[in-house]
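# A structural walkthrough
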Amino acid sequence: MVRVAPAPRRPLLPLLLGTLLILVGLGLGAGGAWLIALGGSWFYLVAAIGFVASGVLLVQHKRLALWVYAALALATLLWSLWESGLDWWPLAARNDVIFVLGLLLLTRWVKRPLAADKLGPTGARAALTTALGLFAAVSVASWFHDAHRVEGSLPAAAAAGPAYASSAPSGEWRAYGGTPYGQRYAPLGQITPQNVDGLKVAWQYRSGDMRGHPGDPEETTFQVTPLKVGNSLYLCTPHQSVIALDATTGAELWRYDPQIQSELALQHLTCRGLSYQPPPAPGTAAPASATPAAPPATSNQPTLPQAAASARSTPNCPAKLFMPTADGRVIALNPDTGAVCSSFGAGRGQIDLWAHMPNLKPGAYYSTSPAVVTRQLLIVGGTVLDNVSTKEQSGVIRAFDIETGALVWNWDSGNPDATAPIAPGESYTANSPNSWSVSSVDETLGLVYVPLGNQPPDQWGGNRSPSVEKYSTAVVALDLATGQVRWHFQTVLHDLWDYDVPAQPGLVDLTLNGATVPALVQATKQGEIFVLDRRTGTPLLPVTEVAAPQGAAAGDKSAPTQPRSALSFDPPKLTGADMWGVTLFDQLACRIAFHQLRYEGRFTPPSTQGSLIYPGNFGVFNWGGVAIDPQRQMVFATPTYLAFTSQLVPRPDATSLMVQNQGNPKGSLPALNENFGAPFAVKLSAFLSPLGIPCQQPPWGYVAGADLRTGKLAWMHKNGTVRDQAPLPVPFRMGVPNLGGPVMTAGGVAFLSGTIDYYVRGYDVSNGRQIWQSRLPAGGQATPMSYLGADGRQYLLVVAGGHGSLGTKTGDYVIAYALPK
């Protein structure tokens, strides 16, 4: 009997790997063809052909598969360099899958069973090894080349310039931005670039107040910058408690709970800070009241908790702390004891911000930011709900007598000429632009500088009044005595992008052409830093009008131009080549999404198609703002770059709920982009890949230094790592988003804690070099401050509480750092 030998069994691994290459190629080809149809790159379809050809040849056990794959790897590398240059993260996204699969092809389990080609058994292997080696060499070279780094320097030592403007002792921090000028500058020089590496934790305090209460919105955040007066620190917590600590030891001195009303319609639950009124100077009397005490408002107002009912009170408050609450009050407290100042607010120790307010809904209006304090006035703005309806509360700015709480004047951007105290029974203008951020004041000039937001809805403005068009998204200078507008400067014309003026204006005296000029520095969401004469609003750095994309939604319009400052952090226009992903595949998905959206650069109007908004409303700068060194006359900035999408959805009528409110806590709001009363609802989201990472390539966050006198950018470096956001805690320094402001010191060191990795970092302000960092127990999305303790040491104070929408770890930490004794 003749036995027939069985056919030799082919190794399984080449078959499996070849099949994988074919499947990868087919998927890449389908996506590549879609991208071509949208007007995008042809490369993905060409690469797909390479994958399929390599896979077919590999299944056939032909060594030619390695030659084809080597050509694919080399072509991908050359294409990557052409598109993105010697920049590691874009190179990695385009080449990582090809490189890993190429290494598998070089293993002996794959290459040994393959038939030899005409160049011998090693020719194909050598070709593929060379192609992969070239990628490895280019990768290593890119690690030592930062394509996004701007090198330069600013004066390392304090230059001769106008003195630091503050009547407070230099070791104190009496206002949110350090002083009413909002510079975020501590005139303290103990900590320097030479000794900052010796900073250690001096003490740590935990408030016990964290997100997680019933009804808490996602953005329940610990964003406070504490005040330091005498040897006490004063801070507020997300759920509105006020706490006093010993500034040198961190020991709790007292705590006050304002008993906030429950079931509030909140988008945010935060308190960025308190306001402080100092006592009269020795030998002087308290300032005379501007108006007599006003009786409590009674018409159509919600019933709010009484401040004095749940806490001890005192009529004698030579100094006061003012606390804005989430249910629409401002409470006056004695800084020494935490007792309510019953002499304020007609004997109640509080004023009611719902007085004369239209569209009553507790929680829908309150002040998330500290009020402005002058010798005679307490000036208060407030936030309203974004994109819920066209019938929100007023954005009125009100000035109250600082001793009695009586209303002195009110400025309503919807009715700007009527600043005398509103008459009984009348209401402020509904839905007028509001000021949710922090204002600054120059009492010498008699002006308060108010950063204004937009009128809801943010993305459609077809029905805005002339007054709204004039003052929306502007910084407005109001007369302290009357509330009348002295000047205004609009940072965005006909804002359709939620580009509220988000940051406190910084006031500084600049030396220009040998003269001292009082200046205002305004950071904006769209990336401009406007430098204005704060007496008149006239630009000190040139502002030009730049043509803007047209074609707003039905019933709306677009401004033909938008202002651009000589000091601008406006990012370059995105292209398909700027799309990114962890792999070639999610990068392709981002490219497809990019080409499906309407995008003509910054200020592309929202559309029913869906528009790409870059920078997004997260802002190049947000409420953290910038820090200003009045001696070096420079700005320390923390620009962030994230793209968002904005899609208008036609509403069937003014009142129907388009998205059902399922699973939300009792009393919470429906989906917050309904825009009841407008012709469109709006879908807003970050522009993310299928894996949940930004579709645009990094860096996403920087630190930067610029000369305020010339507008010249001196240095700019990517900042922060993905350690706390990546699946593995690897500290890749990609440059990550930041939320929270910097602080500068006279010692030449700036500090920042707001990046999405959990660090506080120190920087040499002369060149931007990072010179210190310390690990935080939670996200540090707040603005640090610095002060002198009773022991004579300079302290750095950091709040680490996390941020809901950023996904950083929640905490309740207050941490003080100092050099060793």
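Thresholds applied
Within every chain, residues take consecutive numbers counted from 1 along the sequence as written. At least 70 in pLDDT is required for a residue's local features to be given in this predicted model, at least 80 for side-chain atom pairs to be given and counted, and no such filter applies to totals for whole chains, interfaces and linings, which use all residues. Calculated side-chain values reflect all of the structure's heavy atoms, with hydrogen atoms and water omitted. Centres within 6.5 Å make a pair out of two Phe, Tyr or Trp rings, where for Trp the six-membered ring is used; the pair is then stacked when the planes are under 30 degrees apart, edge-to-face when over 60, and tilted otherwise. Put simply, DSSP H or I for four residues or longer makes a helix, DSSP E for two residues or longer makes a strand, and each gets a number counted from the N terminus. Residue exposure (1.4 Å probe, protein chains only): buried if accessible area is under 20% of the type maximum, exposed if over 50%, otherwise partly exposed. Put simply, a charge is over a ring when the Lys NZ or the Arg CZ is close to the ring centre, within 6 Å, and near the line of the ring normal, within 35 degrees. To count toward a patch, a residue needs a relative accessible area above 30% and no salt bridge. Like charges then connect within 9 Å, nonpolar side chains (Val, Leu, Ile, Met, Phe, Trp, Tyr) within 5 Å. Reported accessibility uses the Shrake-Rupley method at a 1.4 Å probe radius. Residues are deemed covered only where the shown protein chains occlude them. The salt bridge definition used is simple: a Lys or Arg side-chain nitrogen within 4 Å of an Asp or Glu carboxyl oxygen. Disulfides are defined in this document as cysteine sulfur pairs within 2.5 Å. Interaxial angles span 0 to 180 degrees and are taken between N-to-C directions of axes, which are lines fitted to C-alpha atoms, for helices over the stretch in contact. If an angle is under 35 degrees, it is roughly parallel; if it is over 145, roughly antiparallel; if it lies from 65 to 115, roughly perpendicular; otherwise it is oblique. For any helix crossing, the convention is left-handed if the near helix is rotated counterclockwise from the far helix by under a right angle, and right-handed if that rotation is clockwise. Residues count as neighbours in contact if any of their non-hydrogen atoms are within 4.5 Å of one another. Note that Gly is not counted as nonpolar here; it falls among the polar residues with everything else outside the nonpolar set of Ala, Val, Leu, Ile, Met, Phe, Trp, Tyr, Cys and Pro and the charged set of Asp, Glu, Lys and Arg. Strands are treated as partners if at least two bridges between them are detected by DSSP. A residue's pLDDT is the predictor's confidence in that residue, given on a scale from 0 to 100. Helix span is expected to be 1.5 Å times the residue number reduced by one. Contacts described as polar in this section are N or O atom pairs within 3.5 Å, which, within protein, must combine one atom able to donate a hydrogen with one able to accept it, while residues neighboring in sequence count only if both atoms come from side chains.

### Observations concerning the packing of aromatic side chains
In the structure shown here, the tally under the stated rule is 27 aromatic pairs. When the ring of Phe-43 is compared with that of Trp-79, the centres are 3.9 Å apart and the planes differ by 5 degrees; the resulting orientation is stacked. Residue Phe-43 is located in helix H2 (residues 43–59), and its partner Trp-79 is located in helix H3 (residues 64–84); the two are separated by 36 residues in the primary sequence. Trp-79 carries the same exposure label as Phe-43, and that label is buried. A centroid spacing of 6.1 Å and a plane angle of 70 degrees characterise the contact between Trp-354 and Tyr-365, whose relative ring orientation is edge-to-face. With Trp-354 in the loop between strand E14 (350–352) and strand E15 (365–366) and Tyr-365 in strand E15, this residue pair connects regions lying 11 residues apart in the sequence. No difference in accessibility class separates Trp-354 from Tyr-365, as the two residues are buried. Members of the aromatic cluster, each reached through a chain of ring pairs, are Trp-88, Trp-89, Trp-143, Trp-580, Trp-700 and Phe-732. The ring of Trp-79 is capped by Arg-94, whose NZ or CZ atom sits 5.4 Å from the centre of that ring.

### Here's the deal with a nonpolar patch on the surface
On the surface, Leu-12, Leu-13, Leu-15, Leu-16 and Trp-109 cluster together into a nonpolar patch covering about 510 Å² of accessible area. The element best represented in the nonpolar patch is helix H1 (residues 12–37), accounting for four residues. For Leu-12, the position within the fold is in helix H1. By relative accessible area, Leu-12 is classed as exposed at 54%.

### Let's talk about the state of the cysteines
A complete count under the given rule lists three disulfides for this structure. For Cys-236, the disulfide goes to Cys-271, at an S-S distance of 2.1 Å. Between Cys-236 and Cys-271, the S-S torsion sits near -85 degrees, and that sign places the bridge as left-handed. Highlighted residues: Cys-236 in strand E5 (residues 232–236) and Cys-271 in the loop between strand E8 (268–270) and strand E9 (275–277), separated in sequence by 35 residues. For Cys-236, a relative accessible area of 0% corresponds to the buried category. You can call Cys-271 buried: its relative accessible area is 2%. Through a disulfide, Cys-590 is tied to Cys-695; the S-S separation comes to 2.0 Å. Looking down the S-S bond of the Cys-590 and Cys-695 bridge, the torsion is -75 degrees, so its handedness is left-handed. Remark: Cys-695 occurs in the loop between strand E34 (680–686) and strand E35 (702–707) and Cys-590 occurs in helix H8 (residues 584–596); sequence separation between them is 105 residues.

### What about the packing of H3 against helix H4 (residues 88–105)?
Look at H3 against H4: their axes get within 9 Å of each other, and the N-to-C directions meet at 165 degrees. Looking at the two axes, H3 sits roughly antiparallel to H4. The crossing of H3 and H4 is left-handed. Contact with H3, carried on its side by Leu-66, Tyr-69, Leu-72, Ala-73, Thr-76, Leu-77, Trp-79, Ser-80, Leu-81, Glu-83 and Ser-84, involves Pro-90, Leu-91, Arg-94, Asn-95, Val-97, Ile-98, Leu-101, Gly-102 and Leu-105 of H4 and no other residues of that element. A breakdown of the residues in the contact of H3 with H4 according to their chemical character gives 13 nonpolar, five polar and two charged.

### Some details on the sheet that holds E34
The three strands lie next to each other as E30-E33-E34, forming an open sheet whose pairing is antiparallel. Because the sheet does not close on itself, it has two edges, and the strands there are strand E30 (611–613) and E34. Strand-to-strand twist in this sheet, taken as the mean axis angle between neighbours without regard to direction, amounts to 30 degrees. As defined by bridge partners, strand E33 (residues 644–650) adjoins E34 across seven bridges and the pair is classed as antiparallel. Looking at the pairing, Leu-648 lines up with Val-682 of E34.

### Digging into the confidence of the model for the chain
Across the chain, the average pLDDT comes to 91, with 91% of residues at 70 or higher. Scored below 50 in pLDDT, residues 296–300 makes four contacts in the model with residues more than four places away or belonging to other chains. Counted against residues more than four places away or in other chains, residues 661–671, with its pLDDT under 50, gives 16 contacts.

### Details of the pattern of salt bridges
Opposite charge on two side chains permits them to pair, given that their charged atoms come into close proximity. Scanning the model with the defined rule gives 25 salt bridges in all. Across the pair Arg-329 and Asp-327 runs a salt bridge whose closest N-O atoms are separated by 3.1 Å. By relative accessible area, Arg-329 is classed as buried at 0%. Judged by relative accessible area, Asp-327 falls into the buried class, the value being 0%.

### Quick word on the environment of Ala-406
Along the chain, the position of Ala-406 falls in the loop between strand E19 (397–401) and strand E20 (407–411). Measuring from C-alpha to C-alpha, the distance between Ala-406 and Ala-346 comes to 8.0 Å, with 60 residues separating the pair along the chain.

### Some thoughts on H2
Owing to its 3.6 residues per turn, the α-helix brings residues three or four apart onto one side. Here H2 is 17 residues long and its end C-alpha atoms lie 24 Å apart, about the 24 Å a rise of 1.5 Å per residue gives. When we look at burial in H2, the residues that qualify are Phe-43, Tyr-44, Ala-47, Ala-48, Gly-50, Phe-51, Ser-54, Gly-55, Leu-57 and Leu-58. Trailing H2 by a residue or two, His-61 shows a phi angle of about 60 degrees, which is positive.

### Looking at the sheet that holds strand E42 (residues 794–800)
Taken in spatial order, the four strands make up an open sheet running E2-E43-E42-E41, and their pairing is antiparallel. Looking at strand neighbours, the two that pair on one side only are strand E2 (200–206) and strand E41 (785–788), the edges of this open sheet. Sheet twist, expressed as the average angle between the axes of neighbouring strands with direction ignored, equals 25 degrees. Pairing of E42 with strand E43 (residues 813–818) involves six bridges; the strand directions are antiparallel. The partner of Leu-797 across the bridge, within E43, is Ala-816.

### Looking at the pairing of strand E7 (residues 252–256)
A regular strand carries its side chains on alternate faces of the sheet. As paired elements, strand E6 (residues 242–246) and E7 share four bridges and run antiparallel to each other. Following the sheet pairing, Ala-244 is matched in E7 by Trp-254. The hairpin turn running from E6 into E7, its antiparallel successor, is five residues long, and Gly-250 in that turn takes a positive phi close to 85 degrees.

### Thoughts on the side chain of His-61
With respect to the helices, strands and loops of the structure, His-61 is situated in the loop between H2 and H3. What makes His-61 buried here is its relative accessible area of 7%. Polar contacts involving the side chain of His-61 include one to the main-chain carbonyl oxygen of Val-59, which spans 3.2 Å.

### Examining the packing of H1 against H2
Relative to each other, H1 and H2 sit at 160 degrees, their axes nearing to 7 Å. For the element pair H1 / H2, the angle class is roughly antiparallel. H1 and H2 meet at a crossing whose hand is left-handed. A per-class count over the contact of H1 with H2 returns 19 nonpolar, seven polar and no charged.

### Some remarks on the environment of Gly-40
Its place among the elements puts Gly-40 in the loop between H1 and H2. Residue Gly-40 is classed as buried on the basis of its relative accessible area, which comes to 12%. Residues Gly-40 and Ile-592, spaced 552 residues apart in sequence, show a C-alpha to C-alpha distance of 7.7 Å. Ignoring anything within four residues of it in the chain, the contact list for Gly-40 reads Leu-35 and His-595.

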